Amino acid sequence: MPGLAVNVDHVATLREARKINIPDPVTAGAIVELAGADGVVVHLREDRRHIRDRDVRLLRETVKTKLILEVAATSEMVTFALEIKPDLVTLVPEKREELTTEGGLDLHVHRDVVSDAVQELQKAEIPVSIFVDPDLDQIKHAHKINANFIEIHTGTFCEADRQKDRSEAFEKIVNSAKLAHKLKLGVNAGHGLGYQTIKAFKGLSEIDEFSIGHSIIARAVLVGLDRAVREMIALIKEL
Ligand code: PXP
(Lines give C-alpha, C1' and ligand atoms only; values in the text may rest on other atoms or scores of the structure.)
Protein backbone atom coordinates (compact mmCIF):
# COMPACT_ATOMS: atom_id res chain seq x y z
CA MET A 1 0.00 0.00 0.00
CA PRO A 2 1.38 3.46 -0.85
CA GLY A 3 2.11 5.77 2.05
CA LEU A 4 0.64 9.18 2.80
CA ALA A 5 2.74 12.19 3.71
CA VAL A 6 0.66 15.17 4.80
CA ASN A 7 1.73 18.70 3.96
CA VAL A 8 0.85 21.07 6.83
CA ASP A 9 1.84 24.37 5.13
CA HIS A 10 -1.78 25.54 5.10
CA VAL A 11 -1.94 25.41 8.87
CA ALA A 12 0.89 27.93 8.84
CA THR A 13 -0.90 29.96 6.17
CA LEU A 14 -3.83 30.35 8.55
CA ARG A 15 -1.49 31.38 11.36
CA GLU A 16 0.18 33.96 9.13
CA ALA A 17 -3.22 35.47 8.29
CA ARG A 18 -3.12 36.94 11.80
CA LYS A 19 0.65 36.96 12.32
CA ILE A 20 0.19 35.33 15.72
CA ASN A 21 1.12 31.89 17.00
CA ILE A 22 -1.99 29.79 16.29
CA PRO A 23 -2.73 27.41 14.70
CA ASP A 24 0.67 25.78 15.04
CA PRO A 25 1.86 23.52 12.19
CA VAL A 26 3.98 21.65 14.73
CA THR A 27 0.84 20.56 16.60
CA ALA A 28 -0.72 19.65 13.24
CA GLY A 29 2.31 17.47 12.52
CA ALA A 30 1.68 15.50 15.71
CA ILE A 31 -2.02 15.07 14.91
CA VAL A 32 -1.43 13.82 11.36
CA GLU A 33 1.07 11.28 12.67
CA LEU A 34 -1.35 10.08 15.36
CA ALA A 35 -3.99 9.68 12.65
CA GLY A 36 -1.66 7.31 10.80
CA ALA A 37 0.21 9.44 8.24
CA ASP A 38 3.61 8.14 7.19
CA GLY A 39 5.26 11.53 7.07
CA VAL A 40 4.91 15.26 7.61
CA VAL A 41 5.78 17.64 4.78
CA VAL A 42 6.63 21.33 4.94
CA HIS A 43 7.77 23.72 2.25
CA LEU A 44 10.12 26.40 3.51
CA ARG A 45 9.82 29.18 0.96
CA GLU A 46 12.37 31.91 0.43
CA ASP A 47 9.79 34.54 1.47
CA ARG A 48 8.71 32.50 4.56
CA ARG A 49 5.09 33.18 3.64
CA HIS A 50 3.79 30.24 5.70
CA ILE A 51 6.32 27.83 7.22
CA ARG A 52 9.03 29.49 9.30
CA ASP A 53 12.50 28.20 10.18
CA ARG A 54 11.29 27.65 13.74
CA ASP A 55 8.53 25.30 12.54
CA VAL A 56 11.00 23.09 10.70
CA ARG A 57 13.39 23.01 13.66
CA LEU A 58 10.63 21.99 16.06
CA LEU A 59 9.18 19.44 13.66
CA ARG A 60 12.64 17.91 13.34
CA GLU A 61 12.56 17.33 17.09
CA THR A 62 8.98 16.12 17.31
CA VAL A 63 8.15 14.15 14.15
CA LYS A 64 8.34 10.43 14.82
CA THR A 65 7.67 9.15 11.27
CA LYS A 66 9.44 11.10 8.54
CA LEU A 67 10.04 14.80 8.07
CA ILE A 68 10.05 15.80 4.43
CA LEU A 69 11.37 19.25 3.64
CA GLU A 70 10.49 20.87 0.31
CA VAL A 71 12.90 23.59 -0.75
CA ALA A 72 14.25 25.33 -3.81
CA ALA A 73 17.76 24.28 -4.87
CA THR A 74 19.39 27.48 -3.57
CA SER A 75 22.48 27.67 -1.39
CA GLU A 76 20.45 29.21 1.47
CA MET A 77 17.99 26.29 1.47
CA VAL A 78 20.62 23.59 1.00
CA THR A 79 22.57 25.01 3.97
CA PHE A 80 19.39 25.02 6.07
CA ALA A 81 18.56 21.43 5.06
CA LEU A 82 22.10 20.32 5.97
CA GLU A 83 21.56 21.78 9.44
CA ILE A 84 18.11 20.22 9.93
CA LYS A 85 18.81 16.82 8.35
CA PRO A 86 15.26 15.97 7.28
CA ASP A 87 14.48 12.37 6.34
CA LEU A 88 13.96 13.47 2.75
CA VAL A 89 14.50 16.73 0.89
CA THR A 90 12.25 17.36 -2.09
CA LEU A 91 13.70 19.93 -4.47
CA VAL A 92 11.01 22.10 -6.02
CA PRO A 93 10.95 25.12 -8.32
CA GLU A 94 9.92 28.35 -6.66
CA LYS A 95 8.62 31.63 -8.01
CA ARG A 96 7.90 34.51 -5.67
CA GLU A 97 4.65 35.48 -7.32
CA GLU A 98 3.08 31.98 -7.48
CA LEU A 99 0.27 30.95 -5.14
CA THR A 100 1.61 27.42 -4.90
CA THR A 101 4.22 25.35 -6.75
CA GLU A 102 3.12 25.58 -10.37
CA GLY A 103 4.98 22.73 -12.01
CA GLY A 104 7.93 20.39 -11.80
CA LEU A 105 11.57 21.39 -11.82
CA ASP A 106 12.77 21.61 -15.40
CA LEU A 107 15.95 19.54 -15.38
CA HIS A 108 16.77 20.52 -18.97
CA VAL A 109 17.27 24.05 -17.68
CA HIS A 110 18.35 23.60 -14.06
CA ARG A 111 20.25 20.35 -14.26
CA ASP A 112 23.62 21.64 -12.95
CA VAL A 113 22.30 23.54 -9.97
CA VAL A 114 19.98 20.66 -9.01
CA SER A 115 22.75 18.11 -9.46
CA ASP A 116 25.05 20.12 -7.14
CA ALA A 117 22.30 20.32 -4.50
CA VAL A 118 21.64 16.55 -4.77
CA GLN A 119 25.33 15.79 -4.26
CA GLU A 120 25.73 18.12 -1.30
CA LEU A 121 22.70 16.72 0.48
CA GLN A 122 23.59 13.12 -0.24
CA LYS A 123 27.11 13.71 1.08
CA ALA A 124 25.38 14.41 4.40
CA GLU A 125 23.34 11.21 3.95
CA ILE A 126 20.10 13.06 3.24
CA PRO A 127 18.09 11.34 0.50
CA VAL A 128 16.80 13.64 -2.21
CA SER A 129 13.63 13.66 -4.26
CA ILE A 130 13.07 15.90 -7.30
CA PHE A 131 9.61 17.24 -8.09
CA VAL A 132 9.16 16.81 -11.84
CA ASP A 133 6.41 16.92 -14.39
CA PRO A 134 5.27 13.52 -15.68
CA ASP A 135 7.70 13.62 -18.59
CA LEU A 136 9.97 10.71 -19.46
CA ASP A 137 12.96 12.95 -20.25
CA GLN A 138 12.69 14.61 -16.85
CA ILE A 139 12.65 11.20 -15.18
CA LYS A 140 15.75 10.15 -17.12
CA HIS A 141 17.53 13.36 -16.09
CA ALA A 142 16.60 12.78 -12.45
CA HIS A 143 18.05 9.29 -12.71
CA LYS A 144 21.26 10.58 -14.34
CA ILE A 145 21.86 13.07 -11.56
CA ASN A 146 21.42 10.27 -9.05
CA ALA A 147 18.26 11.39 -7.26
CA ASN A 148 16.92 8.88 -4.76
CA PHE A 149 13.27 9.67 -5.51
CA ILE A 150 11.20 11.61 -7.94
CA GLU A 151 7.91 13.18 -7.02
CA ILE A 152 5.55 13.23 -9.99
CA HIS A 153 3.57 16.44 -10.34
CA THR A 154 -0.09 15.39 -10.47
CA GLY A 155 -1.54 18.90 -10.74
CA THR A 156 -2.33 18.85 -14.47
CA PHE A 157 -4.27 15.61 -14.04
CA CYS A 158 -6.14 16.87 -10.99
CA GLU A 159 -7.05 20.20 -12.58
CA ALA A 160 -8.11 18.89 -16.03
CA ASP A 161 -11.76 19.69 -16.72
CA ARG A 162 -12.31 17.56 -19.77
CA GLN A 163 -12.21 13.76 -19.59
CA LYS A 164 -9.85 13.59 -22.59
CA ASP A 165 -7.30 15.94 -20.97
CA ARG A 166 -7.65 14.07 -17.72
CA SER A 167 -6.98 10.67 -19.36
CA GLU A 168 -3.99 12.03 -21.28
CA ALA A 169 -2.54 13.57 -18.14
CA PHE A 170 -3.05 10.36 -16.20
CA GLU A 171 -1.38 8.27 -18.88
CA LYS A 172 1.70 10.46 -18.55
CA ILE A 173 1.71 9.86 -14.79
CA VAL A 174 1.46 6.10 -15.30
CA ASN A 175 4.28 6.02 -17.86
CA SER A 176 6.48 8.21 -15.67
CA ALA A 177 5.87 6.11 -12.57
CA LYS A 178 6.67 2.91 -14.46
CA LEU A 179 9.88 4.30 -15.95
CA ALA A 180 11.05 5.72 -12.63
CA HIS A 181 10.35 2.43 -10.90
CA LYS A 182 12.24 0.56 -13.61
CA LEU A 183 15.20 2.91 -13.08
CA LYS A 184 15.03 2.05 -9.38
CA LEU A 185 14.02 5.53 -8.32
CA GLY A 186 11.60 5.85 -5.43
CA VAL A 187 8.31 7.22 -6.72
CA ASN A 188 6.25 9.81 -4.87
CA ALA A 189 3.35 11.77 -6.35
CA GLY A 190 1.55 14.90 -5.38
CA HIS A 191 -0.06 18.25 -6.01
CA GLY A 192 -3.75 18.87 -6.22
CA LEU A 193 -4.74 15.37 -5.11
CA GLY A 194 -8.09 15.08 -3.38
CA TYR A 195 -10.61 12.58 -2.06
CA GLN A 196 -11.95 11.88 -5.57
CA THR A 197 -8.81 12.14 -7.73
CA ILE A 198 -6.88 9.72 -5.51
CA LYS A 199 -9.22 6.91 -6.64
CA ALA A 200 -7.74 7.02 -10.16
CA PHE A 201 -4.50 5.57 -8.80
CA LYS A 202 -6.01 2.15 -8.15
CA GLY A 203 -3.60 -0.53 -9.31
CA LEU A 204 -0.67 1.81 -9.95
CA SER A 205 1.62 -0.10 -7.64
CA GLU A 206 4.77 1.81 -8.64
CA ILE A 207 3.85 4.73 -6.39
CA ASP A 208 5.52 4.61 -2.98
CA GLU A 209 3.90 7.62 -1.35
CA PHE A 210 1.41 10.41 -1.97
CA SER A 211 2.14 13.92 -0.74
CA ILE A 212 -1.11 15.75 -0.04
CA GLY A 213 -1.82 19.07 1.61
CA HIS A 214 -4.64 21.32 0.47
CA SER A 215 -7.51 18.84 0.26
CA ILE A 216 -6.75 17.33 3.67
CA ILE A 217 -6.36 20.66 5.46
CA ALA A 218 -9.47 22.02 3.69
CA ARG A 219 -11.50 19.04 4.90
CA ALA A 220 -9.94 19.33 8.35
CA VAL A 221 -11.44 22.82 8.74
CA LEU A 222 -14.87 21.19 8.51
CA VAL A 223 -14.47 17.73 10.04
CA GLY A 224 -11.23 17.90 12.04
CA LEU A 225 -7.67 17.00 11.10
CA ASP A 226 -7.67 13.50 12.58
CA ARG A 227 -10.76 12.49 10.59
CA ALA A 228 -9.56 14.16 7.40
CA VAL A 229 -6.28 12.20 7.50
CA ARG A 230 -7.96 8.91 8.39
CA GLU A 231 -10.45 9.30 5.52
CA MET A 232 -7.63 9.82 3.03
CA ILE A 233 -5.71 6.83 4.40
CA ALA A 234 -8.85 4.70 4.03
CA LEU A 235 -9.07 5.68 0.34
CA ILE A 236 -5.38 4.92 -0.22
CA LYS A 237 -5.87 1.49 1.35
CA GLU A 238 -8.43 0.73 -1.36
CA LEU A 239 -5.95 1.43 -4.20
N1 PXP B 1 4.14 18.15 -3.56
C2 PXP B 1 4.80 19.30 -3.78
C3 PXP B 1 6.17 19.24 -4.34
C4 PXP B 1 4.20 20.54 -3.46
O5 PXP B 1 4.89 21.68 -3.67
C6 PXP B 1 2.92 20.56 -2.90
C7 PXP B 1 2.29 21.85 -2.52
O8 PXP B 1 2.99 22.45 -1.51
C9 PXP B 1 2.28 19.32 -2.69
C10 PXP B 1 2.90 18.13 -3.05
C11 PXP B 1 0.91 19.25 -2.08
O12 PXP B 1 0.00 19.80 -2.96
P13 PXP B 1 -1.49 20.05 -2.47
O14 PXP B 1 -1.41 21.06 -1.36
O15 PXP B 1 -2.19 20.56 -3.68
O16 PXP B 1 -2.01 18.72 -2.00
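A quick note: this is a predicted structure, and the numbers were derived from the prediction, not measured.

**Side note on the packing of helix 3 (residues 53–62) against helix 4 (residues 75–84)**
Then, number 1: Interaxial distance between helix 3 and helix 4 falls to 10 Å at its minimum, and their mutual angle equals 25°. As judged from the angle between their axes, helix 3 and helix 4 are roughly parallel. Every pair of crossing elements has a handedness; the one defined by helix 3 and helix 4 is right-handed. Counted together, Asp53, Val56, Arg57 and Arg60 of helix 3 and Phe80, Glu83 and Ile84 of helix 4 form the full contact between these two elements.

**Some details on the pairing of strand 6 (residues 149–153)**
Then, number 1: Within strand 6, four of the five residues are buried, which leaves it mostly tucked inside the rest of the structure.
Then, number 2: For strand 5 (residues 128–132) and strand 6, the ladder comprises four bridges, and the chain directions are parallel. Looking across to strand 6, one finds that Phe131 is bridged to Glu151.
Then, number 3: Regarding topology, helix 6 (residues 136–144) serves as the crossover connection from strand 5 to the parallel strand 6, and that connection is right-handed.
Then, number 4: With five bridges joining them, strand 6 and strand 7 (residues 186–190) adopt parallel strand pairing. In the strand pairing of strand 7, Phe149 is matched with Gly186.

**Considering helix 10 (residues 225–237)**
Then, number 1: The end-to-end C-alpha separation of helix 10 is 18 Å, in line with the 18 Å expected for 13 residues at 1.5 Å each.
Then, number 2: Considered for burial, the residues of helix 10 that qualify are Leu225, Ala228, Val229, Met232, Ile233 and Ile236. The buried residues of helix 10 occupy an angular sector of 130° when projected down its axis, which confines them to one face.
Then, number 3: Elements in contact with the buried residues of helix 10: strand 1 (3–7), helix 2 (25–34), strand 8 (209–212) and helix 9 (214–223).

**Some points on the nonpolar core**
Then, number 1: In terms of nonpolar packing, the biggest core is built from 74 residues, with Leu91, Ile130, Ile216 and Val229 touching the most fellow members.
Then, number 2: The leading source of residues in this core is helix 8 (residues 163–182), at seven residues.
Then, number 3: Setting aside anything within four residues of it in sequence, one finds Ile216 in contact with Leu4, Val6, Tyr195, Leu225, Ala228, Val229 and Met232.

**Some points on the layout of surface pockets**
Then, number 1: Computed from the structure, the largest pocket encloses a volume of approximately 600 Å³.
Then, number 2: Along the wall of the largest pocket there are 26 residues; nearest its centre are Asn7, His10, Thr100, His191 and His214.
Then, number 3: Counting residues per element, the ones that place at least two in the lining of the largest pocket are helix 1 (9–18), strand 8 and helix 9.
Then, number 4: At four residues, helix 1 tops the list of elements feeding residues into the lining of the largest pocket.

About the thresholds
- Residues numbered from 1 in each chain as written.
- Predicted model: local features only at pLDDT ≥ 70, side-chain atom pairs only at ≥ 80, totals over all residues.
- Heavy atoms only, no water.
- Axes fitted to C-alpha atoms, helices over the stretch in contact; angles between N-to-C directions.
- Helix = DSSP H or I, 4+ residues; strand = E, 2+ residues; numbered from the N terminus.
- Parallel < 35°, antiparallel > 145°, perpendicular 65-115°, else oblique.
- Left-handed = near helix turned anticlockwise from the far one by under 90°.
- Contact = heavy atoms within 4.5 Å.
- Buried < 20%, exposed > 50% of the residue type's maximum accessible area, 1.4 Å probe, protein only.
- Pairing = 2+ DSSP bridges.
- Right-handed = clockwise from strand over helix to strand, strands pointing away.
- Expected span 1.5 Å × (residues − 1).
- Arc of directions from axis to C-beta.
- Core = buried A, V, L, I, M, F, W, Y, C linked by side-chain atoms within 4.5 Å.
- 1 Å grid on protein atoms, 1.4 Å probe; cavity = no way out; pocket = protein on both sides within 12 Å on 5 of 7 lines; lining within 4 Å.
- Points joined across faces, edges and corners; volume = space filled by probe spheres on them.

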